Amino acid sequence: MFPGRPLFAALLCFSLIIQLGVSFAPFNVSYDHRALLIDGKRRMLISAGIHYPRATPEMWPDLIAKSKEGGADVIQTYVFWNGHEPVRRQYNFEGRYDIVKFVKLVGSSGLYLHLRIGPYVCAEWNFGGFPVWLRDIPGIEFRTDNAPFKDEMQRFVKKIVDLMQKEMLFSWQGGPIIMLQIENEYGNVESSFGLRGKDYVKWAARMALELDAGVPWVMCQQADAPDIIINACNGFYCDAFWPNSANKPKLWTEDWNGWFASWGGRTPKRPVEDIAFAVARFFQRGGSFHNYYMYFGGTNFGRSSGGPFYATSYDYDAPIDEYGLLSQPKWGHLKELHAAIKLCEPALVAVDSPQYIKLGPMQEAHVYRVKESLYSTQSGNGSSCSAFLANIDEHKTASVTFLGQVYKLPPWSVSILPDCRTTVFNTAKVGAQTSIKTVEFDLPLFRNISVTQPLMVQNKISYVPKTWMTLKEPISVWSENNFTIQGVLEHLNVTKDHSDYLWRITRINVSAEDISFWEENQVIPTLSIDSMRDILHIFVNGQLIGSVIGHWVKVVQPIQLLQGYNDLVLLSQTVGLQNYGAFLEKDGAGFKGQVKLTRFKNGEIDLSEYSWTYQVGLRGEFQKIFTIDESEKAEWTDLTPDASPSTFTWYKTFFDAPNGENPVALDLGSMGKGQAWVNGHHIGRYWTRVAPKDGCGKCDYRGHYHTSKCATNCGNPTQIWYHIPRSWLQASNNLLVLFEETGGKPFEISVKSRSTQTICAEVSESHYPSLQNWSPSDFIDQNSKNKMTPEMHLQCDDGHTISSIEFASYGTPQGSCQMFSQGQCHAPNSLALVSKACQGKGSCVIRILNSAFGGDPCRGIVKTLAVEAKCTPSSTTSSSQL
């Protein structure tokens, strides 16, 4: 049991809480072996993972609201140390890093918050969230019993706890924070540190408790977490997990409901049927707190993505996509799941452990039956019995008998019975709509018409004026902030991660004897580097002669040299610093081992004995020519459409923001690799690296998920669309600046708005009812029988309405979304009925009843309603679709 804050201390804060507008009266949080205790009462909690820096503050309220509407009780986030302390002892709590504002918004919405301070976060975030300056502290070793590291870690963790307490954001102060986390998945690397690692775990736990935050602390993936800390599970499935003490509840801090994308990789997808199965199994087998990692993934703006090679999009196939739009059917199906679990909550919190019943070789039930003596005092209004029936067979549907009734269970599914009789939800039966997101027509990247380009819009030729300007980045020393020293220095020791780029420049003298040796032996000299990460560009006498991509790979690059002095330039580049594993402080970047030239007449040349001139970053980067003010000072020249693609080149143009409120995307599919800025805001890295052609195919939700299962986007660039937050745009004259490394076609770039334009749904008579208007008391009052009719729910994005019904058939429709067709059985009034119910509305509900469609169109057959509808912005519903 975790001791809560004394109530009198909380009451002293009450008047100030009212002034802050926080939604809670002060309450204590503790726990027992079954669940977290919120104000003394056990709760079954659904948590939604949202990382505040991966969205803008203007997006936060909508993301929180959609999470709540989806059934979340809690918002979970990491704390990003390198974002809050980019320079030692200099803090940043503004803009996307205004964590206080984010926490207050969560509280004002009536949701709780789980704050994962870490301060190591992994999260596919640059350097795992550690500030790079940390590695420069003398004698430091990360995440072990090391005094310099522990001093810095304790100082930052205390800084965050003190800040939250100062802002009165803990539960006992009337705030939303109900739980904290120290460290993160340390159990995965602990063995690398031996006994010092075990001592570090004990120290971290003790340090955290001594901060007197007044709420429970957790450690995830930490089987040896001390008794004072709850150890929690991370993974695709956590139903088989149990904490290391009978006194701790079963918590799932990261349900990986998707996966992240890497440049040149396929796009991971996880079927919602499998996610729902995993969540239901967790609560079926005694779980009490579950968090989606991620519920909203967002965007790795700037250079925040980890690595190596993690994409700028952190969409994560989440229920809310990168742009803040609902991903359907994932969001809708999970919303129904959450409602079903909430209907079971009275029984779940009243029972310490469920009754296990074997129903078949791969079928089982877990029954939460409240003893009559406990029912009236613990369960509140709700059923005294709830059950979960599981079929873990990956292939076959099973018919099982439970409490005298027969239930049909699809393969790899769980049915939820809030009253131990009535099935209200099955994880494999999806009735939620499918949303097809599209981008609208190209918008002009324009100004001062000097070039016109034809563009296809609505099958008509339209001339869109575009003007681009260009500026070459020098392949040489470009500022006085360079230095020359003997030897090959490690990349991060020089750049301090202020830039991805580090130039190394030296001069090689080639003799006539060397030239003769090469000609006589028909060989050419070779640059050899023992190990390199992530990207290396090699220039000889100002010409790019080779590039290497990889993570600690050997470099063997033939080079052409002339007699006399030759300039050798090595541009090493990072694409996200390592964010996972032990000894991050030693990982580094750039080169490891020997750097040499081979095949010279007198043997090898050890380049570590040479003097090298070092230059950090790009000239345009440090002159900030991507900002409005500094851009005007740069010496840009006009770019013509017939210009050849150019490497290491800056481009700029202006564009108007799309009309309306839809999210905005930048199409960079015509470019190579580089970085992009809009009005000085760093959109992130871009790269049109192509995924393998194989590895994609039909996706079957059944069976254990892994990251290569159900992959999509084979043979295409991993990412071509880049999110431009609306709050970063003005109505017109938005400055777009690109730095292009490998060559691209800027005239083909476009800005487009993103929205859900097509929605589809299929609901049959055998589907379960919508649960949004149910409460546990319905099962006590026998009201559930009146609510068992299945319903189809259709909903456009906010600000959009259903402009037309493209297809509707009640009977035996065939096909899938955007490919529906009528079957042999069809109610003739289907289209008219659905159009009347839905057209012109933002959302609609249609009951799946024969009587609603004028009678039974085909007796003895299970009927299905299939609908495809179009959504358009509310102000233009009557106009034709683009």
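Quick caveat, the model's predicted, so the values are computed rather than measured.

**Considerations on the sheet that holds strand E14 (residues 385-391)**
So, step 1. Across the sheet, which stays open at both edges, the 5 strands sit in the order E12-E13-E14-E17-E18 with antiparallel pairing between neighbours. For this open sheet the edge positions go to strand E12 (355-360) and strand E18 (425-426), each flanked by a neighbour on one side alone.
So, step 2. Relative to strand E13 (residues 363-369), E12 runs antiparallel, the two being bridged by 5 bridges. Bridge pairing in E13 places Tyr356 opposite His366.
So, step 3. Running over the sheet, helix H8 (residues 272-284) touches E13, E14 and strand E17 (413-417) and is turned about 50 degrees from E13.

**Some points on the sheet that holds strand E2 (residues 36-38)**
So, step 1. Taken in spatial order, the 3 strands of this open sheet run E1-E2-E3, and their pairing is antiparallel. Strand pairing shows two members of the sheet lacking a second neighbour, strand E1 (29-31) and strand E3 (41-42), which therefore form its edges.
So, step 2. Two elements, E2 and E3, share 2 bridges in a ladder whose sense is antiparallel. Across the sheet, residue Leu37 finds its bridge partner in E3, namely Arg42.

**Some words on the state of the cysteines**
So, step 1. With the rule as written, the count across this model stands at 8 disulfides.
So, step 2. Each disulfide pairs two cysteine sulfurs, and for Cys796 the partner residue is Cys871, the sulfurs being separated by 2.0 Å. Taking the torsion about the S-S bond as the criterion, the Cys796 to Cys871 disulfide, at about -80 degrees, is left-handed. Highlighted residues: Cys796 in the loop between strand E40 (791-795) and strand E41 (800-811) and Cys871 in strand E43 (residues 864-873), separated in sequence by 75 residues.
So, step 3. Of the residues examined, Cys871 reaches a relative accessible area of 1% and is grouped as buried.
So, step 4. Each disulfide pairs two cysteine sulfurs, and for Cys825 the partner residue is Cys858, the sulfurs being separated by 1.8 Å.

**Looking at the nonpolar core**
So, step 1. Counting 130 residues, the largest nonpolar core has Ile99, Leu115, Met164, Leu180, Trp217, Leu337 and Ile416 as the members making the most contacts within it.
So, step 2. Examining the composition of this core, we find that 12 residues originate from one element, helix H9 (residues 330-350), more than from any other.
So, step 3. If we ignore the near neighbours within four places in the chain, the residues touching Ile416 are Ala280, Leu337, Ala340, Ile341, Cys344, Ala387, Phe388, Thr422, Thr423, Val424 and Phe425.
So, step 4. In terms of nonpolar packing, the next biggest core, distinct from the first, is built from 30 residues, Tyr651, Trp728, Leu736 and Val751 among them.

**Things to note about the pairing of E43**
So, step 1. Of all 10 residues that make up E43, 8 are buried, and the element is covered over most of its length.
So, step 2. Pairing of strand E39 (residues 750-764) with E43, which is carried by 7 bridges, proceeds in the antiparallel orientation. Bridge pairing links Thr758 to Lys870 in E43.

**Let's talk about the packing of helix H6 (residues 147-166) against helix H7 (residues 194-210)**
So, step 1. H7 packs onto H6 with a crossing angle of 25 degrees between their chain directions and a minimal axis gap of 11 Å. One way to sum up the angle between H6 and H7 is to call them roughly parallel. For the crossing formed where H6 meets H7, the hand is right-handed. Contacts from Phe149, Lys150, Met153, Gln154 and Val157 of H6 reach H7 at Tyr200, Trp203, Ala204 and Met207.
So, step 2. Split by residue class, the contact of H6 with H7 holds 7 nonpolar, 1 polar and 1 charged.

**A closer look at the confidence of the model for the protein chain**
So, step 1. In the predicted model, the protein chain carries a mean pLDDT of 92, and the fraction of residues at 70 or more is 92%.
So, step 2. Segment residues 1-20 is flagged for pLDDT under 50; beyond a separation of four residues in sequence, or across chains, it makes 32 contacts in the model.
So, step 3. For the stretch residues 446-465, pLDDT sits under 50, and the model shows 43 contacts to residues farther than four places along the chain or on other chains.

**A word on the layout of surface pockets**
So, step 1. Its volume calculated, the second largest pocket comes out at about 1,200 Å³.
So, step 2. Among the secondary structure elements, those contributing two or more residues to the lining of the second largest pocket are helix H4 (81-84), helix H14 (619-622), strand E35 (673-678) and strand E36 (681-687).
So, step 3. Grouping the amino acids of the lining of the second largest pocket by side-chain chemistry returns 13 nonpolar, 11 polar and 9 charged.

**Some thoughts on the pattern of salt bridges**
So, step 1. All told, the structure shown has 47 salt bridges when counted by the stated rule.
So, step 2. Linking Asp62 and Lys66 is a salt bridge whose minimum nitrogen-to-oxygen distance equals 2.9 Å. Of the two residues, Asp62 and Lys66 are both situated in helix H3 (residues 60-69); the distance of 4 residues between them amounts to about one turn of the helix.
So, step 3. Note that Arg266 is salt-bridged to Asp694, the shortest N-O span being 3.2 Å. In this pair, Arg266 is assigned in the loop between strand E10 (251-256) and H8 and Asp694 in the loop between E36 and strand E37 (721-724), connecting sequence segments 428 residues apart.
So, step 4. We classify Arg266 as partly exposed; its relative accessible area is 28%.
So, step 5. Members of the salt-bridge network, linked through shared partners, are Glu85, Arg88, Arg89, Glu152 and Arg155.

**A few points about the pairing of E10**
So, step 1. Within E10, 6 of the 6 residues are buried, leaving the element largely enclosed by the surrounding structure.
So, step 2. The pairing of strand E9 (residues 230-235) with E10 spans 3 bridges and is classified as parallel. If you follow Asn234 over to E10, its bridge partner there is Glu254.
So, step 3. Pairing between E10 and strand E11 (residues 289-296): 4 bridges, direction parallel. Bridged to Asp255 within E11 is Tyr292.
So, step 4. Note that the unit made of E10, H8 and E11 has a crossover that is right-handed.

**Let's talk about the environment of Ile749**
So, step 1. With respect to the secondary-structure elements, Ile749 resides in the loop between strand E38 (734-740) and E39.
So, step 2. Using a relative accessible area of 0% as the deciding quantity, one classes Ile749 as buried.
So, step 3. Separated by 51 residues in the primary sequence, Ile749 and His800 place their C-alpha atoms 27 Å from one another.

**A look at helix H17 (residues 830-838)**
So, step 1. Within H17, the full set of buried residues consists of Ser830, Val834, Ser835 and Cys838. Projected onto a plane normal to the axis of H17, the buried residues spread over an arc of 120 degrees and lie on a single side. Relative to its buried face, H17 has exposed residues pointing more than 90 degrees away, namely Ala832 and Lys836.
So, step 2. Next to the buried residues of H17 lie E40, E41, strand E42 (843-847) and E43.
So, step 3. Immediately beyond the C-terminal end of H17, within one or two residues, lies Gly840, with a positive phi of roughly 85 degrees.

**Some points on the side chain of Glu741**
So, step 1. Looking at the secondary structure, you find Glu741 in the loop between E38 and E39.
So, step 2. Once you skip the residues sitting within four places of it in the chain, Glu741 turns out to touch Tyr501, His537, Gln573, Thr647, Phe648, Lys673 and Gly674.

Cut-off values and rules
Residues numbered from 1 in each chain as written. Predicted model: local features only at pLDDT ≥ 70, side-chain atom pairs only at ≥ 80, totals over all residues. Heavy atoms only, no water. Pairing = 2+ DSSP bridges. Helix = DSSP H or I, 4+ residues; strand = E, 2+ residues; numbered from the N terminus. Contact = heavy atoms within 4.5 Å. Axes fitted to C-alpha atoms, helices over the stretch in contact; angles between N-to-C directions. Disulfide = S-S within 2.5 Å. Buried < 20%, exposed > 50% of the residue type's maximum accessible area, 1.4 Å probe, protein only. Core = buried A, V, L, I, M, F, W, Y, C linked by side-chain atoms within 4.5 Å. Parallel < 35°, antiparallel > 145°, perpendicular 65-115°, else oblique. Left-handed = near helix turned anticlockwise from the far one by under 90°. Nonpolar A, V, L, I, M, F, W, Y, C, P; charged D, E, K, R; others polar. pLDDT = per-residue confidence, 0-100. 1 Å grid on protein atoms, 1.4 Å probe; cavity = no way out; pocket = protein on both sides within 12 Å on 5 of 7 lines; lining within 4 Å. Points joined across faces, edges and corners; volume = space filled by probe spheres on them. Salt bridge = Lys/Arg side-chain N within 4 Å of Asp/Glu carboxyl O. Right-handed = clockwise from strand over helix to strand, strands pointing away. Arc of directions from axis to C-beta.

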